[in-house]
Amino acid sequence: MSLEPFQKSSALSLGVELEMQLVNTHDYDLAPYAEDMLRLMSKIALPGAVVPEMTSSMIEVSTGICHSSAEVLGQLTQIRDALVKSADKLNIAVVGGGTHPFQQWHERRIYDKPRFRELSELYGYLSKQFTIFGQHVHIGCPDADTALLTLHRMSRYIPHFIALSASSPYVQGQDTAFDSARLNSVFAFPLSGRAPFALTWDEFTVYFNKMAHTGVVKSMKDFYWDIRPKPEFGTIEIRVFDTPLTIERATALAGYVQSLGSWFMNDQPFMPTEDDYLVYTYNRFQACRFGLDAVYVDPATGGHMPLREHILMTMAQIERHAHRLDASASIHLLRTSVERNDNDARWLRERQGEERLLAEVIRQAADRFRGGVDHEPGGFS
Amino acid sequence: MNEIMAIWAEWIKPSAGLPTVQWSILLALAAAAGHLVNRYTGLPKVIGYSAVGTFAGLAGFTGAAWPLQGTGLFLLELGVAVVLFEAGGRIPLRWFRHNPMVLVQSLAESTLTYFGVYWLLDLMGVHGVVAESLALVAMAASPAVLSRVAIDTRAAGPVTERALVLSTLSTLYALTLCSARAGMLPRGEAGLSDTLLPVLVVLGLSVVVAAVLALVLRTALRVMSPTSENTAILLLSLIAAGAALASNFGGSAPLAALLGGMLLKQLNPRPWSWPRQMGTASSMLTMLMFVLVSVVAAQADWSRPVASLVMGLVVVRMIAKVAGVSLGNAGSGTSWRQGLWVGCAMSPMSSVALLLVSQYVAASSSIGGQVAVIALPAILLMEMLGAVLATVALYRAGECSRPWSPVVRGASTGPVHES
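Rules used in this analysis
- Residues numbered from 1 in each chain as written.
- Chains lettered and ligands numbered in written order.
- Predicted model: local features only at pLDDT ≥ 70, side-chain atom pairs only at ≥ 80, totals over all residues.
- Heavy atoms only, no water.
- UniProt positions renumbered as here; feature names shortened; annotations may be inferred.
- Contact = heavy atoms within 4.5 Å.
- Buried area = accessible area lost by both parts, 1.4 Å probe.
- Salt bridge = Lys/Arg side-chain N within 4 Å of Asp/Glu carboxyl O.
- Polar contact = N/O pair within 3.5 Å; in protein donor to acceptor, adjacent residues only side chain to side chain.
- Helix = DSSP H or I, 4+ residues; strand = E, 2+ residues; numbered from the N terminus.
- Patch = residues over 30% accessible without salt bridge, like charges linked within 9 Å, V, L, I, M, F, W, Y side chains within 5 Å.
- Areas by Shrake-Rupley, 256 points an atom, 1.4 Å probe, with all protein chains shown as cover.
- Lys, Arg positive; Asp, Glu negative; His and termini not counted.
- Charge placed at Lys NZ, Arg CZ, Asp CG, Glu CD.
- Core = buried A, V, L, I, M, F, W, Y, C linked by side-chain atoms within 4.5 Å.
- Buried < 20%, exposed > 50% of the residue type's maximum accessible area, 1.4 Å probe, protein only.

In the annotation of an unreviewed UniProt entry, the entry for chain B reads Cation:proton antiporter, and the organism field reads Polaromonas hydrogenivorans. What the UniProt record of chain B gives under Subcellular location (unreviewed entry) is the line "Membrane".

Chain A carries the name Putative glutamate--cysteine ligase 2 in UniProt, which gives Polaromonas naphthalenivorans as its organism. UniProt, in the comment section headed Sequence similarities, describes chain A in these words: "Belongs to the glutamate--cysteine ligase type 2 family. YbdK subfamily."

This is the structure we're talking about:
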């Protein structure tokens, strides 16, 4: 199968996908309600789409094409409210977070769809361990070469994205000591990690054709890269974010990506090189392990600095672009959280420190996701 | 069998008394049978427990005399109370606000079951009061059997959850109405309309015990961890005390436990995590309950007229449950197919039904006796057949974590988890 042509899209347009957890309201373990949620959600007129994911306790929602983070928030609010309404009807709850803290992977069931069955046969238990939840952000690129250039520029900021979105410190009932343990599960897949260093679509097509010739891949869907081009949408898709606990944070992350994209496309601040990837895996590990407390190795200079400082420095660099794109509120939300040294992983750990019961932490996280929807003080039982 | 028992009683003088030895051996056999049934057929363990109890009952085992009284009755009440407390805790009242059709399903299936069974028994010439009593007993599905089936098949999902909730609600109605109706029996054959006051009395007294139980537990949970073993012991002990006291005050022990679970869920919305901690103690109590039910139920007299009445009751009850659930299915969030499986999963009829019959017998030996003649075989049949039907329903609904595959020695293709 050959690589499909890169479609035209509006530069810096946005699309956000969120993989969500479905939990029961009894012991707050994952609950296999995807099919029922899809049925109920299909009856509500919404922007974007709602689709199944690999296992039956997951659901993926996505916005339509947006042009600002405000528009993203508007669409996500509609989708979130519909999710909460449908979940209430089924007596379950919807939760963000990159992992479910205490679910047992072997209890998961593969969603009944041909592609998921094929993947399950190929990857065995890895497919059930793929019950992890991420946010994907699509950013529109005017042409294929700009897309690849933006992709490789963006890869220097992968640690930023990981640390800002990290919300998966617990796996199988244990604190992993990572802020984002989710990405360790992604790394188990053979076609995960970084995209090959190709700065033009022609070079990329050669690479794709060679891979297709080996029979290892059939389409772009088979690559689980941290950032991958999405030719059918005319976008690049950033896939390293854990699903945040709130739609406000998910929106802010999209606004941050959009502002960075604007900086890259309009100011051409630097040229990516293959050597950027010398420190890529190390930086990625640092961000997963330590979150905002990570050390960041600058790929250009080799200098070491706290990731927190580098994020704040970047925010200052893109402020003008954020303002122009009406994404200042997004940057403000993230900057405040960095200054307070606070991300969702920390919130989860603090709640667990207080409650000593991961199920209660999930209940409170579900309450947090509801936001203003029919909020019942003291929890919702 | 009795001769063997007599010889045995002469031969050994155990410290805890012969009945203790007999029950211990019976439970050991039941545990082994449950395990083997589950391992080699994939059916739930409760079928093995019931089979051993049935065999013992048919063989004339005298460890559980009918009508139940004393320790036997208390253990049954305690077992039912523990199960119903947990089942009550699965019912968040806010769900009915968001999805009132679940309540419609519940009321429809219980009402249809009552009128369906009453109509059939009346048609087959059963006396009015007896038919009415049996119709009330038939309303109660068994959350005890269903929850054991769900555990053994590792089932989870909308059908499992809804069947458990509807079974619990049907049990709530049956416990309230039967307790009140049984209380009226000695005063003559009053109609259903005359039982309103007794219903309020039973419900009111049970609510008081339930509220005390829930408040004490909520207070305890403010300082104790729900995952602690001590909290589980505290919970079991309080349910036992509640069970012993509720009937004494004129309420119903299982009803008080069920309402206590529901109230605690409202007062304390935190996750329900102690059933896992109760573990083996709770499982043994539940197993004892199933064995006791089948030992007692097997003592029933199986004649041809009784058999046809029992078969008729079982079939009409099942049709009524499926029809009732389907009637309220539109707009309830489940598909028609799921509605059908929910109705099937509500087939089991077990310990609660036995308790209700026991109440009738205690209230009036003549009417109670007539009720028991038909109810006991029906309970035995539906403890086993109901468990099979519920298993099939959960598998067909696609809610079990693995396909139905009995383990065959030497043919295992993957890791097997003991449970």
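Next, the rest of the story.
A. Focus on the interface of chain B and chain A. Counting residues at the interface gives 36 residues for chain B and 27 residues for chain A. Here chain B and chain A share an interface that buries about 2600 Å² over both sides, 49% of which is from carbon and sulfur atoms. Viewed at the interface, chain A and chain B are joined by 3 salt bridges. Note that Arg 270 of chain B and Glu 360 of chain A form a salt bridge whose closest N and O atoms lie 3.8 Å from each other. Where chain B packs against chain A, one counts 14 residue pairs in polar contact (both at pLDDT 80 or more). Every element with two or more residues in the side of chain B that touches chain A is listed here: helix H5 (93-98), helix H9 (158-184) and helix H12 (253-267) of chain B. Of all the elements, H5 of chain B adds the most residues to the side of chain B that touches chain A, at 4 residues.

B. The arrangement of the environment of Ser 259 of chain A in detail. Tracing the sequence through the fold places Ser 259 of chain A in helix H9 (residues 247-267). Aside from chain neighbours lying at most four places away, what touches Ser 259 of chain A is Ile 318, His 321, Ala 322, Leu 325, Ala 327 and Ile 331 of chain A.

C. Representation of a negative patch on the surface within the structure. Taken together, Asp 143, Asp 145, Asp 202 and Glu 203 of chain A make up a surface patch of like negative charges. Structurally, the position occupied by Asp 202 of chain A is in helix H8 (residues 201-214).

D. Examining the nonpolar core more closely. Membership of the largest hydrophobic core comes to 113 residues, with the highest contact counts inside it found for Leu 76 and Leu 313 of chain B. Sequence-distant contacts of Leu 313 of chain B, defined by excluding residues within four places in its chain, comprise Val 117, Leu 120, Leu 121, Leu 134, Ala 138, Met 349, Ile 374 and Ala 378 of chain B. Within the second largest apolar cluster, 103 residues are counted, among which are Tyr 33, Tyr 111, Ile 247 and Tyr 277 of chain A.

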